[in-house]
Amino acid sequence: MSHLKLPRFVFALAASCSVLGVGLEARGVAPQVDSATPKASPGDDDRVPPPVPEGLDEGAVIARCVELLIALQEDLTDPAAPLEARREWPYEGVYRERAGRGRGSELVIPLGYRVGGTSIVSWALLSAPGYAEDARARAAVAKGAAFVLEQLATEGMRPGFNGGYDVRGWGHAYALWFLLQLRAHDAVPEGQAPAVSEWIPALVKTLEATEIRPGGGWNYSRQNGFDKPGAAASPFMTGPTLLALFEAQRQGVAVDGQVVERALGALSATRIGDVLGGADDTFSYGYSRGDQRSGRPGAMGRITSAEVALYLAGRSDTQKLTSGVQAFVEHWQQLEARRRKDKTHLPPYGVAPYYVYFAHYHTALAITLLPEAERAAWRTKYLGRLYQSRLESGGWNDRVFDRSESYGTAMALLSLLAPSAPALARWAGPASSAPGSR
């Protein structure tokens, strides 16, 4: 979700992942804002969501998302390739890395964004109703899976961390989640089962090896570099990464329980009330607890992503989940005010555009974990917000880049499917993480 700084890049998931996100503006990038996008109120005076559009057919909305995502598949290595040859859905933000060494080399979309974006869109497609009967969707996912598996083996996705900012971890986390979902849905494309089985435990080991030390958790931005004191876990990256590790454990993959326990502790340490005392249930951004990004309107995108992971590990409760959902519904205008705008952490709350649909997806997850009697009312309010930002194309996009409509639409599709999706895996604890594989 989004979620969600590679080797000295200039950037911006997912992502959610998002785990999608960052804060450096790219030089030489002059994106155009979609003037047709509805203008948001700059304040918080519109706290009541509108009703879901009358007569809306959710099944038709989902079908349109699937149609769009298939059509948006592309190939960055050969933009002129015919649709049947296109294999990826790269997430695009302002952040870039250099294609080669030296100042004169071209700035390109980081491979972590290409792998992560492709994983998220593929996961959304295979989750949609009728996937098993949809030959075009299956073909698109098979190509996406081939791309992800191929790129994981390249130098650009090797384990590690460069400089102060590195988005490979976003690609690793969502590639793991995608491969796990392929297996959980019994949808591994023909001929790819050996590679999928090999890469699932390998990605678990990669995430374990790239945790922040000694504190635990993950962050695409490490101001002091890798393995140096001072790095703080990011709720945006740590929450979704934990969900992938929980699912890996459920599928019988060996997961280092101590890595998970450290990550959970690091995630709790970003909850303001846990650190400073009191009832403040917002989460810090991951840098400092006193900056503009720590206010409730600015924290809404990370509250639910963090609380969902903590709840599934027995470290949160439905009251905190409800508080996060309420923050999203009431302060949603602060997300909308930044959607499809340039620049990143602007005052007054430091909300960045790349967290918009990351926040939507994790709020949808949080609602599924609330007491059953409360879900419908919150879901109705949530959908009112989700449909407020739907594009005329029938998709969603949080960025000024047209290419990122694939990511936004995938996250919106997953949000729509959340109530019917398989239950999220719960953390069974270190004792249940003994070596073994499915």
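Our subject is the structure that appears above.
A.B. asks: I would appreciate a short explanation of the overall build of the chain in the present structure.
C.D. replies: The secondary structure content of the chain amounts to 13 helices and two strands. Across the 438 residues that make up the chain, the buried fraction comes to 59%. Accessible surface for the chain amounts to roughly 16,300 Å². Of this, 51% is attributable to carbon and sulfur atoms.

A.B. asks: How should helix H10 (residues 318-336) be read in this particular structure?
C.D. replies: The periodicity of an α-helix, 3.6 residues per turn, causes residues three or four places apart in sequence to face the same way. For H10, spanning 19 residues, the distance from its first C-alpha to its last is 26 Å, which sits close to the expected 27 Å at 1.5 Å a residue. The largest bend along H10 reaches roughly 55° and is located at glutamate 330. A distance of 3.1 Å separates the backbone nitrogen of glutamine 319 from a side-chain oxygen at the start of H10, and that oxygen is part of aspartate 317.

A.B. asks: I'm lost on the nonpolar core in this one. Help?
C.D. replies: Note that soluble globular proteins tend to have their nonpolar side chains buried in a common cluster. Residues Leu179 and Phe246 are the most contacted members of the largest nonpolar core, which totals 118 residues. Top element by residues in this core is helix H4 (residues 168-184). It accounts for 10 residues. Not counting chain neighbours up to four residues away, the residues in contact with phenylalanine 246 comprise Val260, Leu264, Ala309, Leu312, Ala313, Ala425, Arg426 and Trp427.

A.B. asks: What should I look at first to understand the packing of H4 against helix H6 (residues 235-250) in this one?
C.D. replies: To describe two helices that pack against each other, one gives the angle between their axes and the distance between the axes. Relative to each other, H4 and H6 sit at 30°, their axes nearing to 9 Å. As H4 runs across H6, the sense of the crossing is left-handed. From H4, Gly169, Trp170, Ala173, Tyr174, Leu176, Trp177, Leu180, Gln181 and Ala184 reach across to H6, where they touch Met237, Pro240, Thr241, Leu243, Ala244, Leu245, Glu247 and Ala248. Across the contact of H4 with H6, the residue classes break down as 13 nonpolar, three polar and one charged.

A.B. asks: How do you make sense of the environment of arginine 385 when you look at a structure like this?
C.D. replies: Mapped onto the secondary structure, arginine 385 falls in helix H12 (residues 372-388). Here arginine 385 falls in the buried class, since its relative accessible area comes to 0%. Separated by 57 residues in the primary sequence, arginine 385 and phenylalanine 328 place their C-alpha atoms 9.1 Å from one another. Discounting chain neighbours no more than four positions away, the residues touching arginine 385 are Asp46, Arg47, Val48, Pro49, Pro50, Phe328, Val329, Trp332, Gln333 and His360.

A.B. asks: Explanation requested: the packing of aromatic side chains in the structure shown.
C.D. replies: Given two aromatic rings, their pairing is described by the distance between the two centres and the angle made by the two planes. Overall, the coordinates contain 14 aromatic pairs when judged by the stated rule. Centre to centre, the rings of tyrosine 91 and tyrosine 113 are 5.3 Å apart; their planes meet at 80°, and the pair counts as edge-to-face. Taken together, the residues span a long stretch of sequence, with tyrosine 91 in the loop between helix H1 (58-72) and strand E1 (97-98) and tyrosine 113 in helix H2 (residues 111-127) at a distance of 22 residues. In this structure tyrosine 91 comes out as buried when scored by relative accessible area, which is 0%. By relative accessible area, tyrosine 113 is classed as buried at 1%. Arranged with centres 5.4 Å apart and planes meeting at 65°, the rings of phenylalanine 236 and phenylalanine 358 form a pair that is edge-to-face. Here phenylalanine 236 is found in helix H6, whereas its partner phenylalanine 358 is found in helix H11 (residues 356-368), with 122 residues between them in sequence. Under the relative-accessibility criterion, phenylalanine 236 is labelled buried at 2%.

A.B. asks: In this structure, what is going on with the packing of H11 against helix H13 (residues 405-417)? I would like to understand it.
C.D. replies: Running from amino to carboxyl end, H11 crosses H13 at an angle of 15°, the nearest separation of the two axes being 8 Å. The angle between H11 and H13 places the two elements in the roughly parallel class. The chirality of how H11 crosses H13 is left-handed. In this structure, H11 contributes Tyr357, Phe358, His360, Tyr361 and Ala364 to the contact, and H13 contributes Tyr407, Gly408, Met411, Leu414 and Ser415. Each residue belonging to the contact of H11 with H13 can be placed in one class, and the counts come to seven nonpolar, three polar and no charged.

A.B. asks: How do you make sense of the side chain of threonine 363 when you look at a structure like this?
C.D. replies: For threonine 363, the position within the fold is in helix H11. Since its relative accessible area comes to 0%, threonine 363 is described here as buried. Separated by 3.4 Å, the side chains of threonine 363 and threonine 304 make a polar contact. Excluding residues within four positions of it along the chain, threonine 363 makes contact with Thr304, Val325, Phe328 and Tyr382.

A.B. asks: Looking at this structure, how should I read the environment of arginine 390?
C.D. replies: In this structure, arginine 390 sits in the loop between H12 and H13. Taking relative accessible area as the criterion, arginine 390 reaches 26% and is therefore assigned partly exposed. Setting aside residues no more than four positions away along its own chain, arginine 390 makes contact with Leu56, Val61, Arg64, Gly395 and Trp396. A distance of 3.2 Å separates the side chain of arginine 390 from the backbone oxygen of glycine 394, its partner in a polar contact.

A.B. asks: Sorry, what's going on with the environment of serine 122 here?
C.D. replies: Its place among the elements puts serine 122 in helix H2. When sequence neighbours within four positions are dropped, the list of residues in contact with serine 122 reads Trp89, Val141, Gly144 and Phe178.

A.B. asks: What's the story with the pattern of salt bridges in this structure? I'm lost.
C.D. replies: Close approach of charged atoms allows side chains of opposite charge to pair. All chains considered together, the criterion is met by 17 salt bridges. A salt bridge links glutamate 67 to arginine 64; the shortest N-O distance between them is 3.2 Å. In this pair, glutamate 67 and arginine 64 are both assigned in helix H1, three residues apart and thus about one turn of the helix distant. Among the charged side chains, a salt-bridge network with shared partners connects Glu74, Glu92, Arg96 and Arg403.

A.B. asks: Before we go on, may I ask you to explain unusual backbone geometry in this structure?
C.D. replies: Residues other than glycine predominantly adopt negative phi, and peptide bonds predominantly adopt the trans conformation. Here the bond from arginine 213 into proline 214 is cis, since omega is 5°, no more than 30 degrees from zero. Tracing the chain through its elements places proline 214 in the loop between helix H5 (193-209) and H6. A positive phi angle, close to 55°, is found at aspartate 186, a residue other than glycine. Topologically, aspartate 186 is positioned in the loop between H4 and H5. A positive phi is found at arginine 340, a non-glycine position, where the angle reads about 60°. Checked against the element boundaries, arginine 340 lands in the loop between H10 and H11.

Rules used throughout
- Along each chain, numbering runs from 1 in the same order as the chain's sequence is written.
- For this predicted model, a pLDDT threshold of at least 70 governs which residues receive local features, and a threshold of 80 or more governs which side-chain atom pairs are given and counted, while totals over whole chains, interfaces and linings are taken from all residues.
- As a rule here, side-chain values come from all non-hydrogen atoms in the structure, and water together with hydrogens is ignored.
- Secondary structure elements follow DSSP: runs of H or I of four or more residues count as helices, runs of E of two or more count as strands, with numbering from the N terminus.
- A 1.4 Å probe rolled over the protein chains alone gives each residue an accessible area, and that area as a share of the maximum for its type sets the label: buried under 20%, exposed over 50%, partly exposed in between.
- Surface accessibility follows the Shrake-Rupley procedure with a 1.4 Å probe radius. Residue values consider only the protein chains on display as shielding.
- Here the expected span of a helix is defined as 1.5 Å times the quantity of residues minus one.
- The term bend refers to the angle at a residue between two fitted axes, each drawn through seven residues, those ending there and those starting there.
- Two N or O atoms count as a polar contact when they lie within 3.5 Å, although within protein this holds only if one can serve as hydrogen donor and the other as acceptor, and sequence-adjacent residues are included solely when both atoms are side-chain atoms.
- Among buried residues, the Ala, Val, Leu, Ile, Met, Phe, Trp, Tyr and Cys ones that are joined through side-chain atoms within 4.5 Å form a nonpolar core.
- Contact criterion: two residues are considered in contact whenever any of their non-hydrogen atoms come within 4.5 Å of each other.
- To obtain an axis, a line is fitted to C-alpha atoms, over the contacting stretch when the element is a helix, and the angle between two such axes runs from 0 to 180 degrees between their N-to-C directions.
- Whether a crossing is left-handed or right-handed is set by the direction in which the near helix is turned from the far one by less than a right angle, anticlockwise for left-handed and clockwise for right-handed.
- When residues are grouped by polarity, Ala, Val, Leu, Ile, Met, Phe, Trp, Tyr, Cys and Pro land in nonpolar, Asp, Glu, Lys and Arg in charged, and all others, Gly among them, in polar.
- To pair, rings of Phe, Tyr and Trp, with the six-membered ring standing in for Trp, must have centres within 6.5 Å; the planes then decide the type, stacked if under 30 degrees apart, edge-to-face if over 60, and tilted in the middle.
- Each angle is binned into one of four classes, with values under 35 degrees roughly parallel, values over 145 roughly antiparallel, values of 65 to 115 roughly perpendicular, and all other values oblique.
- Counted as salt bridges are all cases of a side-chain nitrogen of Lys or Arg within 4 Å of a carboxyl oxygen of Asp or Glu.

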